[in-house]
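# Coordinate analysis (summary)
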Amino acid sequence: MGSYDPEPQKLSIETPCIPSAALSRAAGCNIFLKLENLQPSGSFKSRGVGYMMYRAMLDKPGGNVHFYCSSGGNAGLACATAAATLSQPCTIVVPMSTTAHMIDKMRLLGAKVHQVGSNWALADAHLRSELLAHDPVGVYVPPFDHPHVWEGASRIVDELVYQLKPYGASEIDGIICNCGGGGLLNGIMEGVENNFKTPERKPKVLAVETVGADSLNASVRAGHLVTLPAITSIATSLGAPRVSERTFKWSQEAPYLESLVVTDAEAVMGSVKFANDARMLVEVACGATIATVYNGDLRRVAGGEGLSDEEWSRKNVVVIVCGGSNVTLELLREYQEKYGVK
């Protein structure tokens, strides 16, 4: 550790976990919403990215750093938000698929933003070779592949352990989250392992991707890490062509982890129905997670064929509402029209 120890600030917050009558009715079981969309940056990324940046500052003499992050959007926004809180400069490199809406949000926080490459991997390569390599005080902030990022995200599960008890939920039977590069999923898995020591108590974890951004599912089916040739899904926040090695390892060693894929149309449906039922606007990457509640995938995968309706109705499932800022009412309406979602 360096000698600089800044006053710990609210780089992330403990988010509420609330029951949802509307989603519980749709799913047929007890649904709880972990509202990571309320984080300072608008997504769960504040947890892992903020914690990683804080730890990096502690390791630098004097704490003077320049943060560099490659991101499809939300990790960059989390980096810019944390850098502003820590009063440090940051540079974000985003792919060409990132919207002007997201870039404006980062610049509003004081970040320098470069737009390079057709996907995150190309943006990341540019950041490393052209920018970070020439800055002696530069600190690389990976959007998902770092132990401190996972540790920050793991605290979601630490909170869930006591947040559900006031609602009479003594057990957590399932946790649903999405998977882009795997930072959130790795954190959830770490949290489950830390808090649920016996196999029979471990909740089922569902990792959701969209068709065209399904690098985890492709790897699970192939039995080895797969790099997608391109990202074709509208859920660009899930657009990592290859998941982290740790994510794939979790898929191989944890029998309670299931990989699911939904279509872009289903992801849009999830965001639209959630806006109507929960009165919250989330991007379609988050809508993919929520879609499994509405389309029957949750019951099929987590409930199985052996449970009666009555038995399923007593199950407690947490939906990680990861948030995401790449959404507007206009954009969601465009998607509704394009995919015929009511």
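Higher on the page you've got the structure.
Anyway, here's the lowdown on the structure attached to this text.

What counts as what
Residues numbered from 1 in each chain as written. Predicted model: local features only at pLDDT ≥ 70, side-chain atom pairs only at ≥ 80, totals over all residues. Heavy atoms only, no water. Helix = DSSP H or I, 4+ residues; strand = E, 2+ residues; numbered from the N terminus. Rg over C-alpha atoms; globule rule 2.2 N^0.38 Å. Buried < 20%, exposed > 50% of the residue type's maximum accessible area, 1.4 Å probe, protein only. Contact = heavy atoms within 4.5 Å. Areas by Shrake-Rupley, 256 points an atom, 1.4 Å probe, with all protein chains shown as cover. Lys, Arg positive; Asp, Glu negative; His and termini not counted. Charge placed at Lys NZ, Arg CZ, Asp CG, Glu CD. 1 Å grid on protein atoms, 1.4 Å probe; cavity = no way out; pocket = protein on both sides within 12 Å on 5 of 7 lines; lining within 4 Å. Points joined across faces, edges and corners; volume = space filled by probe spheres on them. Nonpolar A, V, L, I, M, F, W, Y, C, P; charged D, E, K, R; others polar. Pairing = 2+ DSSP bridges. Axes fitted to C-alpha atoms, helices over the stretch in contact; angles between N-to-C directions. Parallel < 35°, antiparallel > 145°, perpendicular 65-115°, else oblique. Left-handed = near helix turned anticlockwise from the far one by under 90°. Core = buried A, V, L, I, M, F, W, Y, C linked by side-chain atoms within 4.5 Å.

Attention now moves to the overall build of the protein chain. If you tally the helices and strands in the protein chain, you get 14 helices and ten strands. In terms of overall dimensions, the protein chain is globule-like: its C-alpha atoms have a radius of gyration of 19 Å, near the 20 Å expected for 342 residues. Principal-axis analysis of the C-alpha atoms places the extent of the protein chain at approximately 60 × 45 × 40 Å. Per-residue burial for the protein chain yields a buried fraction of 58% across its 342 residues. Looking at the protein chain alone, contacts between residues at least 24 apart form 71% of all its contacts between residues at least 6 apart. For the protein chain, the accessible surface area stands at approximately 14,000 Å², while carbon and sulfur atoms represent 51% of it. Here the protein chain contributes 30 positive and 35 negative side-chain charges, whose respective centroids are spaced 1 Å apart.

Taken as a whole, the largest pocket spans an internal volume of roughly 470 Å³. Taken together, 38 residues line the largest pocket, and the ones lying closest to its centre are T236, S237, L238, G239 and A240. Those elements giving two or more residues to the lining of the largest pocket turn out to be helix 3 (74-86), helix 7 (183-195) and helix 11 (284-294). A total of three residues in the lining of the largest pocket trace back to one element, the largest contributor, which is helix 7. Here the lining of the largest pocket is composed, by residue class, of 17 nonpolar, 19 polar and two charged.

Before going further, it helps to examine the sheet that holds strand 9 (residues 257-262). A sheet is described by the order of its strands in space; here six strands give the open sequence 1-2-10-7-8-9, paired in mixed fashion. Edge positions in the sheet fall to strand 1 (17-19) and strand 9, since each of these pairs with one other strand and no more. Averaged over all adjacent pairs, the angle separating strand axes in this sheet is 25°, with direction ignored. Alignment of strand 7 (residues 174-178) against strand 10 (residues 316-321), held across three bridges, turns out to be parallel. Residue pairing for strand 10: I175 is matched across the bridge by V318. Contacting strand 1, strand 2 (30-35), strand 7 and strand 10, helix 6 (residues 147-163) crosses the sheet at an angle of about 135° to strand 2. Contacting strand 7, strand 8 (204-210), strand 9 and strand 10, helix 7 runs over the sheet at an angle of about 160° to strand 7.

Once that is clear, we can look at the packing of helix 10 (residues 264-278) against helix 14 (residues 329-339). Where helix 10 meets helix 14, the closest approach of the two axes is 10 Å, and the angle between their N-to-C directions is 135°. When the interaxial angle is binned, helix 10 and helix 14 end up oblique. With respect to the hand of their crossing, helix 10 and helix 14 are arranged in left-handed fashion. Judged by residue contacts, D264, A265, V268, S271 and V272 of helix 10 engage L332, Y335, Q336 and Y339 from helix 14. Within the contact of helix 10 with helix 14, the residues separate by chemical class into six nonpolar, two polar and one charged.

Right, let's get into the sheet that holds strand 6 (residues 138-141). Strand order in the open sheet made by the four strands is 5-4-3-6, with parallel pairing throughout. Only two strands of the sheet have a single neighbouring strand rather than two, namely strand 5 (112-115) and strand 6. Here the strands of the sheet are splayed against their neighbours by 20° on average, with no regard to which way each runs. Bridging between strand 4 (residues 90-94) and strand 5 involves four bridges; their strand directions are parallel. Within strand 5, the residue paired with V94 across the bridge is Q115. Relative to strand 6, helix 2 (residues 45-58) is tilted by about 155°, and along the sheet it contacts strand 3 (66-70) and strand 6.

Right, let's talk about the nonpolar core for a bit. The biggest cluster of nonpolar side chains holds 71 residues, and the ones touching the most others in it are L23, I31, L185, I188 and L298. Among the elements that line this core, the one with the most residues is helix 11, at eight residues. Filtering out sequence-adjacent residues up to four positions away, I188 remains in contact with I156, V157, I175, C177, V205 and I320. Grouped together as the second largest cluster of nonpolar side chains are 31 residues, M52, L58, A111 and V149 included.

Running from N to C, helix 8 (residues 215-222) and helix 9 (residues 245-253) point in directions that differ by 50°, and their axes come no closer than 10 Å. Here helix 9 runs oblique to helix 8, going by the angle between their axes. Classified by chirality, the crossing of helix 9 by helix 8 is right-handed. Contacts between helix 8 and helix 9 pair L216, S219 and V220 from the former with T247, F248 and S251 from the latter. Residues belonging to the contact of helix 8 with helix 9 are distributed by class as follows: three nonpolar, three polar and no charged.

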